[in-house]
Amino acid sequence: MGLFKLRKNKKFNYEPRYYKGDSSPFEIKHKFDDQRVTIQKTNLKGTLKNALSDMKSTDRQTSYRIKIIALILVFIFLWFIDFDLSIFFS
């Protein structure tokens, strides 16, 4: 009756010989998962709430630096396309 009997898959449980860790060494984990707030396993509403609260708590110094860099890049672009900057200065 081996015709109707299904064959079982072989199991392969490899354990490294010299590994003494808590979790599996083959677990794929992102680099910054420990620092992220929005990575937790919650519903969609909780994830969005965490993301918005994380976005609101940014540094003033960082946002100031981004604004300065954007302003410098705009002036470089205007200089590159030969825009007449004398309209800003009297």
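This write-up is about the structure you can find in this document. (Residues numbered from 1 in each chain as written. Predicted model: local features only at pLDDT ≥ 70, side-chain atom pairs only at ≥ 80, totals over all residues. Heavy atoms only, no water.)

## Structural notes on the overall build of the chain
Working step 1: Across its full length, the chain carries two helices and zero strands.
Working step 2: Every one of the 90 residues in the chain was classed for burial, and the buried ones make up 3%.
Working step 3: Summed over all atoms, the accessible surface of the chain reaches about 10200 Å², with 60% contributed by carbon and sulfur. (Helix = DSSP H or I, 4+ residues; strand = E, 2+ residues; numbered from the N terminus. Buried < 20%, exposed > 50% of the residue type's maximum accessible area, 1.4 Å probe, protein only. Areas by Shrake-Rupley, 256 points an atom, 1.4 Å probe, with all protein chains shown as cover.)

## Some thoughts on helix 2 (residues 60-80)
Working step 1: If you check helix 2, its first and last C-alpha atoms are 30 Å apart, about what 21 residues at 1.5 Å a residue would give, namely 30 Å.
Working step 2: After helix 2 finishes, the residue Asp82 shows a positive phi value of roughly 60°. (Expected span 1.5 Å × (residues − 1).)

## A word on a nonpolar patch on the surface
Working step 1: On the surface, a cluster of nonpolar side chains totalling about 1200 Å² of accessible area is made up of Leu71, Phe75, Phe77, Trp79, Phe80, Ile81, Phe83, Ile87, Phe88 and Phe89.
Working step 2: Among the structural elements, Ile81 can be located in the segment after helix 2. (Patch = residues over 30% accessible without salt bridge, like charges linked within 9 Å, V, L, I, M, F, W, Y side chains within 5 Å. Salt bridge = Lys/Arg side-chain N within 4 Å of Asp/Glu carboxyl O.)

## A look at unusual backbone geometry
Working step 1: Non-glycine residue Asp82 carries a positive phi angle of around 60°.
Working step 2: Checked against the element boundaries, Asp82 lands in the segment after helix 2.

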